[in-house]
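Letter by letter, the chains look like this.
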Amino acid sequence: QQQVKQSPQSLIVQKGGISIINCAYENTAFDYFPWYQQFPGKGPALLIAIRPDVSEKKEGRFTISFNKSAKQFSLHIMDSQPGDSATYFCAASKDYKLSFGAGTTVTVRA
Amino acid sequence: KAGVTQTPRYLIKTRGQQVTLSCSPISGHRSVSWYQQTPGQGLQFLFEYFSETQRNKGNFPGRFSGRQFSNSRSEMNVSTLELGDSALYLCASSLVGGLGTDTQYFGPGTRLTVL
């Protein structure tokens with residue numbers, strides 16, 4: 001079964017807008033929560049990651065918010081650009097294994 | 001620094017055949033993981049190798065197997081191919097595989113089509 005649930009499946013945002021992707025997990029043993037960005041024909045690339053003892057992490061226009069008690073985390077893409085159009089995957093890791101969410105296809109309209 | 005390379009990039013096989021996919025990790029990386037990506041099931045973990053030892057495996061049938069060589073290069077094999085094995089197979093490498101402190105880099109994948 002899907003250990004990490006991701007929503008929405010897709011979203012469309014105007015250039016300059018904010019994209020928000022949400023993920024939830026059940027296994028409290030997960031100890032690392034990365035986000036990956038994937039363009040068509042390419043493998044996923046690490047975007048930003050967070051550990052469960054941190055509530056927020058920001059890198060440039062990308063921010064992860066983490067709520068340990070609710071077992072939820074989210075990715076915010078600020079000032080979205082057409083080049084951000086891609087599929088985004090949240091993931092959670094335990095024992096050298098990544099469990100991925102189903103992915104969110106983000107389309108940024110110019 | 002060269003990235004993760006996977007060969008071949010595309011492969012077409014028929015049901016019942018077997019296939020071997022190859023992955024060369026980034027130089028100095030000793031951990032290699034394999035994932036299957038399909039539109040229906042998304043990205044699913046197959047197995048992870050470190051120093052020629054399998055440390056973890058996902059929930060795939062025994063037809064899926066892998067190995068790692070002393071130079072950290074890895075191969076995965078799928079025997080008795082089924083239509084449902086059509087997927088993008090991704091390899092990822094990291095220094096030692098401790099994902100809490102160790103970035104995992106993905107290759108471009110091998111697109112396998114089973115007819």
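Here, every reference points to the structure presented above.
The structure reproduced in this document is the subject of the present report. Sequence order as written defines residue numbering, which begins from 1 separately in each chain. As they are written, the chains are lettered A onward and the ligands numbered 1 onward, keeping that order. In keeping with the predicted nature of the model, local features appear solely for residues at pLDDT of at least 70, side-chain atom pairs appear and are counted solely at 80 or more, and the whole-chain, interface and lining totals rest on all residues. Side-chain metrics in this entry use all non-hydrogen atoms of the structure; hydrogen atoms and water are not considered.

### Considerations on the state of the cysteines
Two cysteine sulfur atoms form a disulfide, by the criterion used here, when they sit within 2.5 Å. Throughout the structure, instances matching the rule amount to two disulfides over all chains. Linked covalently through their sulfurs, C23 of chain A and C90 of chain A form a disulfide whose S-S length is 1.9 Å. Since a negative S-S torsion denotes a left-handed disulfide, the C23 of chain A-C90 of chain A link at about -95 degrees is left-handed. Here C90 of chain A lies in strand β9 (residues 86-94) and C23 of chain A lies in strand β3 (residues 19-25), a separation of 67 residues in the sequence. By the burial criterion, C23 of chain A is buried, and C90 of chain A matches it. Each sulfur in the disulfide pair C23 of chain B and C91 of chain B lies 1.7 Å from the other. Measuring handedness by torsion sign, the sulfur bridge of C23 of chain B and C91 of chain B sits at about -55 degrees and is left-handed. Of this pair, C23 of chain B sits in strand β3 (residues 19-24) while C91 of chain B sits in strand β9 (residues 87-94); the two residues are 68 residues apart in sequence, bridging distant segments of the chain. Residue burial is assigned from relative accessible area. The probe radius is 1.4 Å, only protein chains are included, and a residue is buried under 20% of its type maximum, exposed over 50%, and partly exposed in between. Of the residues examined, C23 of chain B reaches a relative accessible area of 0% and is grouped as buried. Helix numbers and strand numbers start at the N terminus; a helix is a DSSP run of H or I with at least 4 residues, a strand a run of E with at least 2.

### Regarding the nonpolar core
We call a set of buried Ala, Val, Leu, Ile, Met, Phe, Trp, Tyr and Cys residues a nonpolar core when their side-chain atoms join them within 4.5 Å. Of all hydrophobic cores here, the largest spans 24 residues; its most connected members are F33, W35, F73, L75 and Y88 of chain A. Every element with two or more residues in this core is listed here: β2 (10-14), β3, β4 (33-38), β5 (45-50), β7 (62-67), β8 (72-77), β9 and β11 (104-109) of chain A. Looking at this core, the element that brings in the most residues is β9 of chain A, giving four residues. Of all hydrophobic cores here, the second largest spans 21 residues; its members include L11, V32, F60 and L81 of chain B.

### What to know about a nonpolar patch on the surface
All names here are of chain A. On the surface, a cluster of nonpolar side chains totalling about 240 Å² of accessible area is made up of I18, I20 and M78. With respect to the helices and strands, M78 occurs in the loop between β8 and β9. On the basis of relative accessible area, M78 is assigned to the partly exposed category, the value being 33%. Patch definition: residues with relative accessible area over 30% and no salt bridge; like charges joined within 9 Å; nonpolar side chains (Val, Leu, Ile, Met, Phe, Trp, Tyr) joined within 5 Å. Note on areas: Shrake-Rupley with a 1.4 Å probe; residue coverage comes only from the protein chains shown. Whenever a carboxyl oxygen of Asp or Glu lies within 4 Å of a side-chain nitrogen of Lys or Arg, that contact is scored as a salt bridge.

### Describing the pairing of β2 of chain A
All names here are of chain A. Covered by surrounding structure in β2 are L11 and V13 only, the residues S10, I12 and Q14 on the alternate face being uncovered. For β2 and β11, the ladder comprises five bridges, and the chain directions are parallel. Bridging across to β11, Q14 finds its partner in R109. Should DSSP find at least two bridges between two strands, the strands are taken to pair.

### Here's the deal with the pairing of strand β6 (residues 56-59) of chain A
All names here are of chain A. The pairing of β6 with β7 spans four bridges and is antiparallel. For K57, the partnering residue across the bridge sits in β7 and is I64. Connecting β6 to the next strand, β7, in antiparallel fashion are two residues, including G60 with a positive phi near 65 degrees.

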